[in-house]
Amino acid sequence: AKAAGRNGARLFLPHMQQDADNRLELERGLRTALERNQLSLHFQPQVSMNGKLQGAEALLRWRHPELGDVPPDVFIPVAEETGLIHALGTWVITRACAHIQAWRSQGVNFGGRLAVNVSPWQIAHPQFVEHIQAIVVTAGIDPEWLTLELTESALLNDFEAALATLHALSSIGFRLAMDDFGTGYSSLAYLQQLPLDELKIDRSFVSALQPSVPDPLAGFIVDIGRRLGMATIAEGVETEQQRARLGAMGCDTLQGYLICRPLPEAEFLHWLASRQTV
Ligand code: C2E
Ligand code: CA
Ligand code: CA
Ligand code: CA
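Cut-offs used in this document
- Residues numbered from 1 in each chain as written.
- Chains lettered and ligands numbered in written order.
- Predicted model: local features only at pLDDT ≥ 70, side-chain atom pairs only at ≥ 80, totals over all residues.
- Heavy atoms only, no water.
- Helix = DSSP H or I, 4+ residues; strand = E, 2+ residues; numbered from the N terminus.
- Rg over C-alpha atoms; globule rule 2.2 N^0.38 Å.
- Buried < 20%, exposed > 50% of the residue type's maximum accessible area, 1.4 Å probe, protein only.
- Contact = heavy atoms within 4.5 Å.
- Areas by Shrake-Rupley, 256 points an atom, 1.4 Å probe, with all protein chains shown as cover.
- Near = heavy atom within 4 Å.
- Polar contact = N/O pair within 3.5 Å; in protein donor to acceptor, adjacent residues only side chain to side chain.
- Nonpolar A, V, L, I, M, F, W, Y, C, P; charged D, E, K, R; others polar.
- Donors = N, O, S within 2.8 Å, 3.2 Å for Na, K, Ca; no water.
- Salt bridge = Lys/Arg side-chain N within 4 Å of Asp/Glu carboxyl O.
- Patch = residues over 30% accessible without salt bridge, like charges linked within 9 Å, V, L, I, M, F, W, Y side chains within 5 Å.
- Lys, Arg positive; Asp, Glu negative; His and termini not counted.
- Charge placed at Lys NZ, Arg CZ, Asp CG, Glu CD.
- Axes fitted to C-alpha atoms, helices over the stretch in contact; angles between N-to-C directions.
- Parallel < 35°, antiparallel > 145°, perpendicular 65-115°, else oblique.
- Left-handed = near helix turned anticlockwise from the far one by under 90°.
- Pairing = 2+ DSSP bridges.

Caption draft 1: Region of interest: the overall build of the protein chain. Along the protein chain, the regular secondary structure elements total 10 helices and 12 strands. For 278 residues, the compact-globule formula gives about 19 Å, and the C-alpha radius of gyration of the protein chain, at 20 Å, lands near that figure. For the protein chain, the C-alpha atoms occupy an extent of roughly 60 × 45 × 35 Å along the three principal directions. Each of the 278 residues in the protein chain was classed as buried or not, and the buried ones make up 42%. Long-range contacts, defined as pairs at least 24 residues apart, comprise 65% of the intrachain contacts of the protein chain with a sequence gap of at least 6. Accessible area of the protein chain: about 14,300 Å², with a carbon and sulfur share of 52%.

Put into structure tokens, the structure is as follows:
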């Protein structure tokens, strides 16, 4: 990677070499991680405003043997640049379906639904619909139990193709959620063309809900959802005040540290069990 200098000259700064080395190391590491089972899913519950469990979001975790925990914000972009995102995404969906199948057959009350994050690159893959359908069939689960969280950037490259893919996914029965809603560059006009079930209010709008500060945006997103018949779910809810403000707006579902942090499976199951006995 090279940056253009002020006078047009190419600069190559030492940190860029280091970035390139890290990137290569991460790419190599990710391939190994996929082969050697160094990846896992953590789960963060989603609860309705009145406290009823709705489901959970699966968040990918990677523990590198030397580097330790590498955050998804670091390795997902590397996976996208190297094309590994397809294998990684397939791994996530397969694992999520296996968890849904296992929990349902064991009678675990996790809300019944699991959400996974889907990269724009996956949506753009011509066989994505076929692949994901094959995965749910093999796992023996109902597509309605899986929510696919996508971002607005999935629509940027080829809107018509993405639209067709989303309609295909929706008609199979998958639930679709627009993640980080309001942070992208898309217009409102596209929104009513999309077969979305949920809008996820980005954490930046939720953390802006400070006491005594008027809220211009989170409430606006809830209104958009209501008009378009989409449920709204707030992410990154950390305080009681935020919960109360979101409730007053009519937001449907909450996710955030206030309810529970993302947890590894054993701790998540423990959280579920202890919650049901109180
Ligand atoms: P996201 O989809 O917006 O996920 C929410 C992020 O907010 C997660 O970070 C979660 O741990 C964090 N979070 C949840 N509640 C709170 C809260 O109350 N306060 C704060 N400050 N943070 C909270 P995480 O797990 O580090 O994931 C970061 C991003 O990486 C995700 O953002 C998502 O875009 C991406 N990601 C994670 N797993 C996957 C995956 O399997 N596939 C793809 N393509 N992307 C993934
Ligand atoms: Ca998400
Ligand atoms: Ca999000
Ligand atoms: Ca976010």
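Caption draft 2: Examining the site of ligand 1 more closely. Neighbouring ligand 1 are 21 residues; Gln44, Arg61, Asn117, Glu238 and Tyr257 lie closest to it. One of the side-chain N or O atoms of Asp179 is found 3.1 Å from an oxygen atom in ligand 1. Interatomic distance of 2.5 Å between a side-chain N/O atom of Glu238 and a nitrogen atom of ligand 1. Across the complex, the protein chains shield 83% of the 810 Å² of accessible surface that ligand 1 would expose by itself. Taken together, the elements giving at least two residues each to the shell around ligand 1 come down to β4 (53-64), α2 (72-82) and β8 (175-181). Within the shell around ligand 1, the residues separate by chemical class into 8 nonpolar, 5 polar and 8 charged.

Caption draft 3: Here's a closer look at the coordination of the calcium ion (ligand 2). With distances of 2.1 to 2.4 Å, the protein atoms coordinating the calcium ion (ligand 2) are Glu57 (OE), Asn117 (OD1), Glu149 (OE) and Asp179 (OD). In this structure, the calcium ion (ligand 2) lies 3.6 Å away from the calcium ion (ligand 3), the two metals sharing Asp179 as a donor. Pair noted here: Glu57 is in strand β4 and Asn117 is in strand β6 (residues 114-117), with a separation of 60 residues, a long-range link. By relative accessible area, Glu57 is classed as buried at 5%.

Caption draft 4: Representation of the pattern of salt bridges in the model. Under the counting rule described, the total for this entry stands at 8 salt bridges. Between Arg63 and Asp69 there is a salt bridge whose closest N-O contact spans 2.9 Å. According to the relative accessible area criterion, Arg63 is exposed, its value standing at 56%. For Arg175, the salt bridge identified is with Glu198, shortest N-O distance 2.7 Å. Remark: Glu198 occurs in strand β9 (residues 198-201) and Arg175 occurs in strand β8; sequence separation between them is 23 residues. The class for Glu198 is buried, based on a relative accessible area of 10%. Look at the salt bridges and you will find they share partners, linking Glu57, Glu149 and Lys200 into a network.

Caption draft 5: Local environment of the coordination of the calcium ion (ligand 4). Looking at the calcium ion (ligand 4), the protein donor atoms are Asp180 (OD), Asp202 (OD) and Glu235 (OE), and they sit 2.3 to 2.7 Å from it. Read in sequence order, the donor residues for the calcium ion (ligand 4) give the motif D-x21-D-x32-E. A separation of 3.3 Å is found between the calcium ion (ligand 4) and the calcium ion (ligand 3), both of which receive a donor from Asp180. Remark: Glu235 occurs in the loop between β10 (231-234) and α9 (240-249) and Asp180 occurs in strand β8; sequence separation between them is 55 residues. For Glu235, a relative accessible area of 13% translates into the label buried.

Caption draft 6: Region of the structure containing a negative patch on the surface. Judged by side-chain charge, Asp19, Asp21, Glu25 and Glu66 come together as a negatively charged surface patch. By secondary structure assignment, the location of Glu25 is in helix α1 (residues 14-36). You can call Glu25 partly exposed: its relative accessible area is 34%.

Caption draft 7: The arrangement of the packing of helix α3 (residues 85-105) against helix α5 (residues 128-139) in detail. Remark: α3 packs on α5, axes separated minimally by 9 Å, with the N-to-C direction vectors making an angle of 30 degrees. Compared by their axis directions, α3 and α5 come out roughly parallel. Classified by chirality, the crossing of α5 by α3 is right-handed. Residue-level inspection shows Thr90, Ile93, Thr94, Cys97 and Gln101 of α3 in contact with α5, the latter providing Phe128, Ile132, Ile135, Val136 and Ala139. Residues that form the contact of α3 with α5 fall into these classes: 7 nonpolar, 3 polar and no charged.

Caption draft 8: Structural context of the pairing of β6. Alignment of β4 against β6, held across 2 bridges, turns out to be parallel. Looking across to β6, one finds that Glu57 is bridged to Ala115.

Caption draft 9: Just unusual backbone geometry, in detail. Backbone geometry places Asn37, a non-glycine residue, at a positive phi of 65 degrees. Relative to the helices and strands, Asn37 resides in the loop between α1 and β3 (39-48). Note on Asn37: relative accessible area 54%, which makes it exposed. Located in the positive-phi region is Asp180, a residue other than glycine, with phi close to 50 degrees.

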